[in-house]
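Close look at the chain arrangement
Each chain is listed here by its residues.
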Amino acid sequence: MRLEVKGLRKSFGEKEVLHGISFSIESGKALGLLGRNGAGKTTTIRILMDVFRANSGSITVDGRPFEPKNFRIGYLPEERGLYPKKGVQEQLMYLAQLRGCSRSEAKHNSARWLERLGVEEYAQRKLETLSKGNQQKVQLAQTLVCDPDLVILDEPFSGLDPVNSQILKDVIQEQIREGKLVIFSSHQMSYVEEFCEDIILINRGEIVLSGSLGQIKREYGRNRLVVDLGTEDQERLLSDYAGDLLQIVGRRKKQVIAEMKPGCTKERLLRELLERKLIPEEFGNYEPSLTEIFVEKAGDQP
Amino acid sequence: MRTFLTVLKFELNNYFKNKGFLLTTAVLMVLAVGIIVVPGIIMDRGTGPSSGGTKSEKSEEADYTLALFDKNASVPDLDALSAAMGMKIEWTECTDARQAENAVEEGEADAGFLVDDLLHYTYVVENRSMYDSLQDTFSQALAAMYRSQVLTGEGIDPAEMESLYQILPESETQILGKDSAGNYAYTYILIMVQYFLLIFYGQMIATSVTSEKSNRAIEILVTSVDSNSLIFGKVLAGAIAGLIQCVLILGSAVGAYQIFGESWGGLLDNVFDIPIPVWITFAVFGMLGYLLYAFCFGMLGALVSKTEDISKVSMPVMMLYIISFFIAIFGLNDSNGILIRAASFIPFTSSNGMLIRVAMGSVELWEIIVSCLLLVTFCAGTGVLAAKIFRFGTLMYGNPVKFTTALKKIREK
């Protein structure tokens, strides 16, 4: 299954909040929608889920218009909520049946997910009597109880403690392995790096970066090096002795991040440093973290 | 359709698992049975032969103790006066007005009479109650005594004259249309039943919609199921729960009357002997009218996100129903009037209006059909509009959204 989003535009009143969002994703992969608060991630997801209608643009699955009601979708909205006064399994079964499961399938799936998430003992209890952490697990169970083809998670890690975050990571990885199509939004980069092959970075309603995460990192690292001369004044030394070959663009702990100028090669730079008796403790290609890319692309412009 | 039935079942379960709902139903059933059984038993005890002992014992006690100051000895015989008043009275004869007043003040007498002559007297009482009829009874008894004196003076037998006054022509009633006097009781009861159903369930339906917004379950719901299924499921569940509750409560009363009806001596036959056409009108128009208002309440529930705001936004609909209710109460006394005729066609008032016309007035079949079609159309339209507003209101948290704003936004879409 291939989901393709093309040129989504959305306005609220006079203000356009999405300026043509496009991306695509296939089953068995996870796509991370990244962006700062208010960038347009949730609006994009809500358009996917048909909570809002886009002003223009198209969403297709395998070339045909995407109708959410024709698919089993596991949706975890940003605004979490269930019935606090209803029994845990009762409401899971209700939601599963609303999404197309038979009663017996709903019963089986709800029991399976409650067990998988370690909250089966609360199946008959009212939701409001559970701890916050267990309520989060029930919320995750409701997302997956219908055995979805598509899993759409809006800020799934928000508010989770480390144990529940780990459980969620495991579950998402399971879903990817089972060939599900997973889309999720987040601004917690470490999770995205763990299981996303593709990302799109949205800033102020526009895609500012998209593609394979590995490729993006390589491209961002191209012509950039990390150097550590082991001295306090290494930035001055590099500027003084190799200023015509590179330009310092930042720091990462003790390392200096530098961009090679046209005509510069790693061999030439290294030779230059060694001739001046500057022996690097570290010298190599720079591979940026997703957080660094994020801050650079979506950070406040000076 | 499948999802609609799932929603309907879930919402019905909410009612039937709600302890408050079950308790209210049980209490009202007991109350309905109690209202039929207890007064019946009391009346039975009052008239039955087994209670003869109590009655004779009671008859030895006086109904009233009355102080009497007969200034000019106008009353010839106190026993005759008691008999004329139709009561057992213990008379305290006083020698002056003051003594009679003191007897009343100190509670020795229930009331006092200061008689100048048979046509002039003063009634003395400590506190006069709303239902005090002693003075009227006394006046009639004195007047009878006066008539008797005058007639005797004229040489006419007063007893003969009294019996002439008692003669009533024998009559039979042949009602060609409807007996409004007889139908009043059950029509009034049916209108009240609908009123209470609406007051009770209208708020419950609105609360059920709003609580899904306040607990943030709504986004999961509207992305899982069509909003028509959601709103229709909720409203129809409320209607079915109301109908079941209504059948149980009225059924208990009717059942109790079947068993204990004899002790009422047929007094309530009028109330429970509701003709089939009236039942059908009540079922069809009552249910459709109820659904119309229920959809309105559901719609209003979608415009707010906090349950405490419901009473504020539901006020206009509540007022609309109260107006309909007052028109109905007025129409009970004028079932063929222009007001009730008009009300029987307006969807928001026709559930009561048509019921009154069918039960108590005269109505043509075409009028019933036209009114019913109007109500069905309005009901379906309001249901669809409610679903649209429900969908629109999904992510409208915070302050209540104005109905006109919601309509405008829906039209823009």
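Residues numbered from 1 in each chain as written. Chains lettered and ligands numbered in written order. Predicted model: local features only at pLDDT ≥ 70, side-chain atom pairs only at ≥ 80, totals over all residues. Heavy atoms only, no water.

All names here are of chain B. Nonpolar side chains collect at one region of the surface, where Phe-16, Ile-240, Ile-244 and Leu-248 lie side by side and expose about 280 Å² of accessible area between them. Looking at which element gives the most residues to the nonpolar patch, the answer is helix α10 (residues 227-260), with 3 residues. Mapped onto the secondary structure, Ile-240 falls in helix α10. Ile-240 gets classed as partly exposed once you look at its relative accessible area, which sits at 31%. (Patch = residues over 30% accessible without salt bridge, like charges linked within 9 Å, V, L, I, M, F, W, Y side chains within 5 Å. Areas by Shrake-Rupley, 256 points an atom, 1.4 Å probe, with all protein chains shown as cover. Salt bridge = Lys/Arg side-chain N within 4 Å of Asp/Glu carboxyl O. Helix = DSSP H or I, 4+ residues; strand = E, 2+ residues; numbered from the N terminus. Buried < 20%, exposed > 50% of the residue type's maximum accessible area, 1.4 Å probe, protein only.)

Turning our attention to the environment of Ser-22 of chain A. All names here are of chain A. Mapping Ser-22 onto the fold places it in strand β2 (residues 15-26). Given a relative accessible area of 35%, Ser-22 falls into the partly exposed group. Along the sequence, Ser-22 and Leu-34 sit 12 residues apart, while their C-alpha atoms lie 14 Å from each other. Leaving out residues up to four positions away in the same chain, Ser-22 has contacts with Val-5, Lys-6, Gly-7 and Ile-207. (Contact = heavy atoms within 4.5 Å.)

A separate point is the domain arrangement of chain A. All names here are of chain A. Parsing chain A into structural domains produces domain 1 (2-217) and domain 2 (222-298). If you average the C-alpha positions of domain 1 and of domain 2, the two centres end up 40 Å apart. Taken together, the contact between domain 1 and domain 2 spans 14 residues of the former and 9 residues of the latter. Both faces combined, the contact of domain 1 with domain 2 buries some 1000 Å², and carbon together with sulfur accounts for 75% of it. Between domain 1 and domain 2 we count 0 salt bridges in total. (Domains from an automatic or database assignment. Buried area = accessible area lost by both parts, 1.4 Å probe.)

Turning our eyes to something else, we now look at the packing of aromatic side chains. A full pass over the atoms with the stated rule returns 28 aromatic pairs over all chains. Each ring, one from Tyr-293 of chain B and one from Tyr-321 of chain B, has its centre 5.0 Å from the other, and the planes form 85 degrees; the classification is edge-to-face. One end of the pair, Tyr-293 of chain B, is in helix α12 (residues 276-303); the other, Tyr-321 of chain B, is in helix α13 (residues 310-331), and 28 residues separate them in sequence. Of the residues examined, Tyr-293 of chain B reaches a relative accessible area of 0% and is grouped as buried. Residue classification places Tyr-321 of chain B among the buried positions, given a relative accessible area of 2%. Cluster of aromatic residues (ring-pair linked, three or more members): Tyr-195, Phe-196, Tyr-293, Tyr-321, Phe-325, Phe-326, Phe-348 and Phe-378 of chain B. A cation over an aromatic ring shows up here: Lys-86 of chain A above the ring of Phe-10 of chain B, its NZ or CZ 4.8 Å from the ring centre. (Phe/Tyr/Trp six-rings, centres within 6.5 Å; stacked < 30°, edge-to-face > 60°. Lys NZ or Arg CZ within 6 Å of the ring centre and 35° of its normal.)

Time to look at the sheet that holds strand β1 (residues 2-12) of chain A. All names here are of chain A. With antiparallel pairing, the 4 strands of this open sheet are ordered in space as β2-β1-β4-β5. Edge strands, defined here as strands with exactly one partner in the open sheet, are β2 and β5 (64-65). Bridge analysis of β1 against strand β4 (residues 56-61) gives 5 bridges, and the strand direction is antiparallel. Within the sheet, the bridge partner assigned to Arg-9 lies in β4 and is Ser-56. (Pairing = 2+ DSSP bridges.)

Take the packing of helix α15 (residues 350-360) of chain B against helix α16 (residues 365-392) of chain B next. Residues and elements named next belong to chain B. Put simply, α15 and α16 touch, their axes get as near as 11 Å, and they point 165 degrees apart. The orientation of α15 with respect to α16, classified from their angle, is roughly antiparallel. Considering the relative orientation of α15 and α16, their crossing is left-handed. Together, Ser-350, Met-354, Arg-357 and Val-358 of α15 and Glu-367, Ile-368, Ser-371 and Leu-375 of α16 make up the contact between the two elements. Among the residues making up the contact of α15 with α16, the classes are represented as 4 nonpolar, 2 polar and 2 charged. (Axes fitted to C-alpha atoms, helices over the stretch in contact; angles between N-to-C directions. Parallel < 35°, antiparallel > 145°, perpendicular 65-115°, else oblique. Left-handed = near helix turned anticlockwise from the far one by under 90°. Nonpolar A, V, L, I, M, F, W, Y, C, P; charged D, E, K, R; others polar.)

Another point: the interface of chain A and chain B. The interface is formed by 26 residues belonging to chain A together with 22 residues belonging to chain B. Here chain A packs against chain B, burying approximately 2200 Å² in sum over the two surfaces, 58% of which is carbon and sulfur. Of all residues in chain A, Tyr-83, Tyr-94 and Leu-98 of chain A give up the largest surface area on contact with chain B, accounting jointly for 30% of the area buried on that side. Counting across the chain A and chain B interface gives 3 salt bridges. When the shortest N-O distance is used, the salt bridge between Glu-90 of chain A and Lys-17 of chain B registers 3.6 Å. Elements with a minimum of two residues in the side of chain A that touches chain B: α2 (88-98) and α4 (132-144) of chain A. Examining the composition of the side of chain A that touches chain B, we find that 5 residues originate from one element, α2 of chain A, more than from any other. Looking at the side of chain A that touches chain B, its residues break down into 12 nonpolar, 6 polar and 8 charged.

In this section: the sheet that holds strand β10 (residues 206-212) of chain A. Residues and elements named next belong to chain A. Reading across from one edge, β6-β7-β8-β3-β9-β10 is the order of the 6 strands in this open sheet, with mixed pairing throughout. Only two strands of the sheet have a single neighbouring strand rather than two, namely β6 (73-76) and β10. Ignoring strand direction, the axes of neighbouring strands in this sheet form an average angle of 10 degrees. Both strand β9 (residues 198-203) and β10 contribute to a ladder of 6 bridges, which runs antiparallel. Opposite Ile-200, over in β10, you have Ser-210 as the bridge partner.

Residue and element names in this part refer to chain B. As for its placement among the helices and strands, Glu-11 is situated in helix α1 (residues 2-16). The exposure class of Glu-11 is buried, given its relative accessible area of 3%. Setting aside its immediate chain neighbours within four residues, Glu-11 contacts Ser-208, Glu-212, Gly-233, Lys-234 and Ala-237.

What follows deals with the domain arrangement of chain B. Entries for chain B in the domain assignment read domain 1 (2-38 + 179-412) and domain 2 (64-162). A straight line from the C-alpha centre of domain 1 of chain B to that of domain 2 of chain B covers 56 Å.

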